[in-house]
Amino acid sequence: MDFERIKSLDEQYIMPTYARYDVALLRGSGSVVWDVDDKQYIDFGSGIGVNSLGYCESGWIEAITKQAQLLQHSSNIYYTLPQLRVAQRLCRSAGMDKVLFCNSGAEANECAIKLARKYSFDKYGKGRYEIITLYNSFHGRTITTLSATGQDVFHNYFFPFTEGFVYAKANDLEDLKAKLSDKTCGVFIELIQGEGGVVPLDKDYVKALEDVCRQKDILLIIDEVQTGIGRTGSLFAFQQYGVKPDIVTSAKGLGGGLPIGACLCAEKLAETLNAGTHGTTYGGNPIACAGAEYVLSVVDNEQFLKSVSQKGEYIKSKISKFDGVKEVRGLGLMIGIVLKANSKEVSQKCLENGLLTLTAKDNLRLLPPLNITYEEIDKGLSILEAALKQMT
Ligand SMILES: *Cc1c(COP(=O)(O)O)cnc(C)c1O
């Protein structure tokens, strides 16, 4: 099928919610992907941080194929083995106590919100339900996670939104303290605001925020949907911030390309969501969990995580010398680039020249596969450098 036909079918049958690039992808291998016209691209986006081991990694294919041949699904009214193995590994490596599996980032965050509210309800009774989130955050697209998202552009059309979210300025402890009240049950943050433009929070701020939460039994909830699973050079970013969250959410990179989300909690929340209070049909699907188990077997490894940090430093130091670059920031292989030129135009130019990139707000964003090779990095960077030269 040629591209024009694909585009017209998409226009005819798919709800127009995505501003798609004019590319239809067909197949991939490692950090390289081909479109329907057999044009090749280096992929600096991994979907959006999802294909953590690139396209069609052989061990990952083997793991999910084996599981598909064994048992593809069962209801959560029965026990299955892959989710136990992923749960055990996640809890041990993250220092958390229990997991609830779901299918996406928004669902993981929805679970975190229910968990925080019920913990507070059980312990303090009605009325202590408010959750403070940060301006410029992104937590998902369900009605409640849109409410949690601290950006006015997301608070349109779908009224009424879920009540009980209060927004504070990032990196401003005084503003956070001013927003706390007797109603507050949780503070919900991304450590690096991804969709918000790759904006890292200050370590001192996060530490101080943790102290404030501890004093008042307010839950510290960290959205690691984008930053987790090795993306920043540690299994979870909170491990580099030196804090201990009460709740952590994960999704994007966890399944290596299969849909899975996870909400992890500390011991004091272990019995909060009891029988009948939460659940989902597909949560902990055996094939998705087999994918996650394989991803963790590769990523949850000191050497591997170190290599992610090193590649990140390498990319940042190269890009900082390119024309038209105002600032490069981020951790590990989560990189934001503030440009003089329009980032959408630069991204489009890169695409034409065989490099997939992402944007976030006005910035260029790179989330390459965690196992990308230096050769693929160099190839991609030379395309980016050339695009920037043309644009400035
Ligand atoms: C992508 C993202 C989400 C939403 O995840 P979905 O799987 O799209 O529902 C939530 N939080 C953060 C930080 C994200 O990057």
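Check the entry above for the structure.
Residues numbered from 1 in each chain as written. Predicted model: local features only at pLDDT ≥ 70, side-chain atom pairs only at ≥ 80, totals over all residues. Heavy atoms only, no water.

A.B. asks: Provide a residue-level description of the sheet that holds strand β15 (residues 355–356), including the pertinent values.
C.D. replies: What the four strands build is an open sheet, ordered β1-β2-β3-β15; its pairing is mixed. The sheet is open, and its two borders are formed by β1 (25–29) and β15, each paired with just one other strand. Where β1 and strand β2 (residues 32–35) come together, four bridges link them in antiparallel fashion. Bridge pairing links serine 29 to valine 32 in β2. Contacting β2, β3 (40–43) and β15, helix α13 (residues 374–391) crosses the sheet at an angle of about 105° to β3. (Pairing = 2+ DSSP bridges. Helix = DSSP H or I, 4+ residues; strand = E, 2+ residues; numbered from the N terminus. Contact = heavy atoms within 4.5 Å. Axes fitted to C-alpha atoms, helices over the stretch in contact; angles between N-to-C directions.)

A.B. asks: Go over the pairing of strand β13 (residues 325–331), please, and point to the residues and values.
C.D. replies: Looking at chain direction, β13 and strand β14 (residues 334–339) are connected through six bridges and run antiparallel. Residue pairing in the sheet places glutamate 327 in a bridge with valine 338 of β14. Hairpin connection of β13 to β14: two residues between the antiparallel strands, including glycine 332 at a positive phi of 55°.

A.B. asks: Residues and numbers for the packing of helix α3 (residues 58–70) against helix α10 (residues 286–299), please.
C.D. replies: Taken N-terminus to C-terminus, the directions of α3 and α10 make an angle of 150°; their axes are 8 Å apart at the nearest point. Looking at the two axes, α3 sits roughly antiparallel to α10. Read as a crossing pair, α3 and α10 show a hand that is right-handed. Across the interface between the two elements, Gly59, Trp60, Ala63, Ile64, Gln67 and Ala68 of α3 pack against Pro286, Ile287, Ala290, Gly291, Tyr294 and Val295 of α10. Residue classes in the contact of α3 with α10 are distributed as nine nonpolar, three polar and no charged. (Parallel < 35°, antiparallel > 145°, perpendicular 65-115°, else oblique. Left-handed = near helix turned anticlockwise from the far one by under 90°. Nonpolar A, V, L, I, M, F, W, Y, C, P; charged D, E, K, R; others polar.)

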